[in-house]
Amino acid sequence: RGTIYTAGRPPWYDTAGQQVEPFLIGICGGSASGKTTVATKIIESLNIPWVTLLSMDSFYKVLNEKQHDMAARNEYNFDHPDAFDFELLKTTLQRLKEGRKADVPIYNFVTHSRESRTKLMYGANVIIFEGILTFYDAEVLKMCDMKVFVDTDADVRLARRLHRDISQRGRDLDGVLKQYSTMVKPAYFYYIAPSMVHADIIVPRGGDNEVAIELIVQHVHTQLQLRGFKLREKLAHSYIGQPLP
Ligand code: C5P
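What you see is a predicted model; the values in this text were computed from it and never measured.

**Focus: the overall build of the protein chain**
- For the protein chain, the helix and strand inventory stands at 7 helices and 10 strands.
- By the burial criterion, 49% of the 245 residues in the protein chain qualify as buried.
- Long-range pairs, those at least 24 residues apart, make up 75% of the contacts in the protein chain between residues at least 6 apart in sequence.
- About 12100 Å² of surface is accessible on the protein chain, with carbon and sulfur atoms providing 52% of the total.

**Digging into the sheet that holds strand S10 (residues 201-204)**
- With respect to topology, 5 strands assemble into an open sheet ordered S5-S8-S4-S9-S10, the strand pairing being parallel. For this open sheet the edge positions go to strand S5 (51-55) and S10, each flanked by a neighbour on one side alone. Strand after strand, the sheet turns through a mean of 20 degrees between neighbouring axes, direction not considered.
- Examined bridge by bridge, S5 and strand S8 (residues 126-131) share 5 bridges and lie parallel to one another. Paired with Leu 53 across the strands is Ile 128, a residue of S8.
- Relative to the sheet, helix H7 (residues 210-226) contacts strand S4 (23-29), S8, strand S9 (146-151) and S10, its axis offset from that of S4 by approximately 155 degrees.

**Here's the deal with the site of the ligand**
- By nearness alone, 17 residues border the ligand, and Ser 31, Asp 79, Tyr 107, His 112 and Arg 161 come closest of all.
- Take Ser 31: an N or O atom from its side chain is 2.7 Å from an oxygen atom of the ligand.
- Contact distances for the ligand include 3.4 Å between an oxygen atom and a side-chain N or O atom of Arg 169.
- Burial of the ligand by the protein chains amounts to 96% of its free accessible area of 470 Å².
- For the shell around the ligand, the secondary-structure elements that each account for two or more residues are helix H5 (154-167) and helix H6 (173-192).
- Of the residues that constitute the shell around the ligand, the class distribution is 7 nonpolar, 3 polar and 7 charged.

**Topic: the nonpolar core**
- Within the largest apolar cluster, 39 residues are counted, with the highest numbers of intra-cluster contacts made by Leu 54, Tyr 60, Phe 84, Leu 89, Leu 93, Phe 129 and Ile 192.
- When contributions to this core are tallied by element, the ones reaching two or more residues are S4, helix H3 (86-97), strand S6 (102-108), S8, helix H4 (138-143) and H6.
- Non-local contacts of Leu 93, meaning those with residues more than four positions away in its chain, are made with Leu 24, Leu 54, Phe 129, Val 140 and Met 143.
- Val 51, Ala 212, Ile 216 and Val 220 belong to the second-largest nonpolar core, a separate cluster that totals 23 residues.

Definitions and cut-offs
Residues numbered from 1 in each chain as written. Predicted model: local features only at pLDDT ≥ 70, side-chain atom pairs only at ≥ 80, totals over all residues. Heavy atoms only, no water. Helix = DSSP H or I, 4+ residues; strand = E, 2+ residues; numbered from the N terminus. Buried < 20%, exposed > 50% of the residue type's maximum accessible area, 1.4 Å probe, protein only. Contact = heavy atoms within 4.5 Å. Areas by Shrake-Rupley, 256 points an atom, 1.4 Å probe, with all protein chains shown as cover. Pairing = 2+ DSSP bridges. Axes fitted to C-alpha atoms, helices over the stretch in contact; angles between N-to-C directions. Near = heavy atom within 4 Å. Polar contact = N/O pair within 3.5 Å; in protein donor to acceptor, adjacent residues only side chain to side chain. Nonpolar A, V, L, I, M, F, W, Y, C, P; charged D, E, K, R; others polar. Core = buried A, V, L, I, M, F, W, Y, C linked by side-chain atoms within 4.5 Å.

Okay, structure coming up:
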């Protein structure tokens with residue numbers, strides 16, 4: 001049983017004419033736990049065309065003036081579920097799962113706002129969706145075919161976050177520590193850590209855990225085969241969020 005490709009573009013159909021649904025991996029974990037590193041390593045190791053990486057950051061709500069002022073003082077809670085536009089997030093995931101394209105907002109952490117341009121994403125063989133609250137919403141959980149929790153030591157996460165927020169996100173030391181102790185850390189214990197119960201796989205040490213990444217990749221390959229995908233061999237490298245040329 002082969003798969004009929006529609007001119008190299010998703011959605012794909014199996015020989016019975018049924019559309020093959022993309023395999024959705026949800027990756028959850030605390031801030032700076034290495035979610036993106038795990039996702040990137042999965043993509044590299046999968047070595048198949050059409051893998052889309054979607055981040056929850058894209059779905060941060062647009063702030064009003066008062067909220068902007070709070071964010072500038074490190075007092076706006078970006079770790080609370082209310083900070084995310086779950087409706088847009090679910091519509092986008094649903095569209096991608098149906099093999100349709102979706103316009104995804106691009107988030108700017110320096111200005112705490114969405115950029116004017118958006119990123120056009122397509123459905124894919126595999127979609128990886130990563131974020132701090134990916135296991136929070138029941139409908140999102142239901143959409144995920146595989147749920148991975150990246151469990152990295154809290155000191156390591158804080159050290160990485162300090163480094164990243166100061167060097168890349170335009171923050172200062174006192175501000176990062178204030179936000180961490182008042183909002184990031186409590187949200188981890190209140191929302192993120194308890195959501196670990198939904199995970200199929202817990203990855204200790206994040207991106208360093210080559211064995212866990214390999215196990216995930218093997219499972220995805222098996223699932224794709226079961227779903228009737230017949231991936232063309234040696235067809236390019238994984239491509240993040242973009243169609244193959
Ligand atoms: O990449 P990571 O998963 O760490 O991104 C989520 C984190 O980004 C949250 O813990 C939140 O505190 C932080 N954030 C921020 N400023 C924003 C939006 C999110 O510090 N404008």
